[in-house]
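Observations on the three-dimensional arrangement
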Amino acid sequence: MVALRLIPCLDVANGRVVKGVNFVGLRDAGDPVELACRYSLAGADELVFLDIAASHEGRETLIDIVRRTAEEVTIPFTVGGGISSLDGITDLLRAGADKISLNSAAVKIPDLVELGAKRFGSQCIVVAIDARRRLDGDFGWDVYVKGGRENTGLDVLSWAKQVAELGAGEILLTSMDGDGTQAGYDLELTNTVANQVPVPVIASGGAGCMEDIYDAFTKGSASAALLASLLHDRDLSVEEIKLFLIKKGLQIRPLEG
């Protein structure tokens, strides 16, 4: 069995790590390179680095920060934000990223997922899906892009199946309703998608305690849990979470030493 993963997320805007609630009300959470080093040393399994304003502002990801961060960490590293071409993917991989994450560009240019997977391998291509429960009360979730600013009208489950068929090796699934609330992951969302696609699903949005993370794996069927506020605010550490999950009997990669 493949070990379940804990993945700190570094959302970056204007060169700083930020965190908000439901994608708004952003506050400063620190320097991206410093936080990346801290989590790498603390025993995180991977990192996700997202330039959350790049697509909205129509610019490319901040390559310099990516390069400096990648030089300092020793664990796999995913980078996303503002990527819209194969050249953009190439630049990020050359800068030190292990994987790239496509969100708005995947919706606009679905072929980019397929072309990226064929050129670089599916293991390099993550598709990030920002999901919000339908406002009309009907069951299901809509796909949002441009940092959560635009509703595409796409159904989350249908889109997840499509990108998996196109060659995405992983899906980063964020509940916009739960983002930053620390009220728990949207387990219905995560479980629905994870049980309908043949690729790993990373649960994101809403972790507030160690039980929430445990539930993401056991009730949400997630392969990995993304963490931000809990770690940035030092409410919990990677070590505390891993020890808790290991005691619960989950297949978690132990801390070195």
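Above: the structure in question.
I will try to describe carefully the structure that is included in this document. (Residues numbered from 1 in each chain as written. Predicted model: local features only at pLDDT ≥ 70, side-chain atom pairs only at ≥ 80, totals over all residues. Heavy atoms only, no water.)

Turning our eyes to something else, we now look at the pairing of strand 9 (residues 150–155). Looking at chain direction, strand 8 (residues 141–145) and strand 9 are connected through 3 bridges and run antiparallel. Across the sheet, the residue bridging to Asp 142 is Asp 155, located in strand 9. (Pairing = 2+ DSSP bridges. Helix = DSSP H or I, 4+ residues; strand = E, 2+ residues; numbered from the N terminus.)

In this structure, Ala 131 sits in strand 7 (residues 125–133). Apart from the residues within four sequence positions on either side, Ala 131 is in contact with Trp 141, Asp 142, Val 156, Leu 173, Thr 174, Ser 175, Met 176, Asp 177 and Leu 189. (Contact = heavy atoms within 4.5 Å.)

Note on placement: Asp 215 falls in helix 9 (residues 210–218). In contact with Asp 215, other than residues within four places in its own chain, are Leu 187 and Gly 220.

For the structure on display, the rule yields 2 aromatic pairs. When the ring of Phe 139 is compared with that of Trp 141, the centres are 5.2 Å apart and the planes differ by 70 degrees; the resulting orientation is edge-to-face. Taking relative accessible area as the criterion, Phe 139 reaches 54% and is therefore assigned exposed. Taking relative accessible area as the criterion, Trp 141 reaches 4% and is therefore assigned buried. (Phe/Tyr/Trp six-rings, centres within 6.5 Å; stacked < 30°, edge-to-face > 60°. Buried < 20%, exposed > 50% of the residue type's maximum accessible area, 1.4 Å probe, protein only.)

This paragraph deals with helix 11 (residues 238–247). Val 238, Ile 241, Lys 242, Phe 244 and Leu 245 are the residues of helix 11 that are buried. The buried side chains of helix 11 occupy one side of the element, clustering within an arc of 165 degrees when seen end-on. In this fold, the buried residues of helix 11 make contact with strand 1 (5–13), helix 1 (32–42), helix 9, strand 12 (224–227) and helix 10 (229–232). Downstream of helix 11 by a residue or two, Gly 249 has a phi angle that is positive, lying close to 90 degrees. (Arc of directions from axis to C-beta.)

Time to look at the pattern of salt bridges. The final tally for this structure, using the stated rule, is 14 salt bridges. Salt-bridge contacts for Glu 46 lead to Arg 5; the nearest nitrogen and oxygen are separated by 2.9 Å. Of this pair, Glu 46 sits in the loop between helix 1 and strand 4 (47–51) while Arg 5 is found in strand 1, placing the two residues 41 residues apart along the sequence. Looking at Glu 46, the relative accessible area reads 8%, which means it is buried. Among the ionic pairs, Arg 133 bridges to Glu 188, the shortest N-O distance being 2.9 Å. Linking Arg 133 in strand 7 with Glu 188 in helix 8 (residues 187–194), this pair joins segments that are 55 residues apart in sequence. Among the residues examined, Arg 133 registers a relative accessible area of 33% and is labelled partly exposed. For Glu 188, a relative accessible area of 39% translates into the label partly exposed. (Salt bridge = Lys/Arg side-chain N within 4 Å of Asp/Glu carboxyl O.)

With that out of the way, let us pick up the state of the cysteines. Going through the model one piece at a time under the given rule, you end up with 0 disulfides. We note that Cys 37 lacks a disulfide partner, and the nearest cysteine sulfur, in Cys 9, lies 16 Å from it. Judged by its relative accessible area of 17%, Cys 37 falls in the buried class. (Disulfide = S-S within 2.5 Å.)

At a minimum axis separation of 9 Å, helix 1 and helix 3 (residues 63–72) run at an interaxial angle of 25 degrees. Taken together, the axes of helix 1 and helix 3 lie roughly parallel to each other. In this structure, the crossing between helix 1 and helix 3 has a hand that is right-handed. On the side of helix 1, the interface is formed by Pro 32, Val 33, Ala 36 and Cys 37, while helix 3 contributes Ile 65, Arg 68, Thr 69 and Glu 72. (Axes fitted to C-alpha atoms, helices over the stretch in contact; angles between N-to-C directions. Parallel < 35°, antiparallel > 145°, perpendicular 65-115°, else oblique. Left-handed = near helix turned anticlockwise from the far one by under 90°.)

We now examine helix 3. Burial in helix 3 covers these residues: Ile 65, Val 66, Thr 69 and Ala 70. Angularly, the buried residues of helix 3 cover 125 degrees about the axis, an arc narrow enough to put them on a single face. Of the surrounding secondary structure, the elements contacted by the buried residues of helix 3 are helix 1, strand 4, strand 5 (77–80) and helix 4 (86–95).

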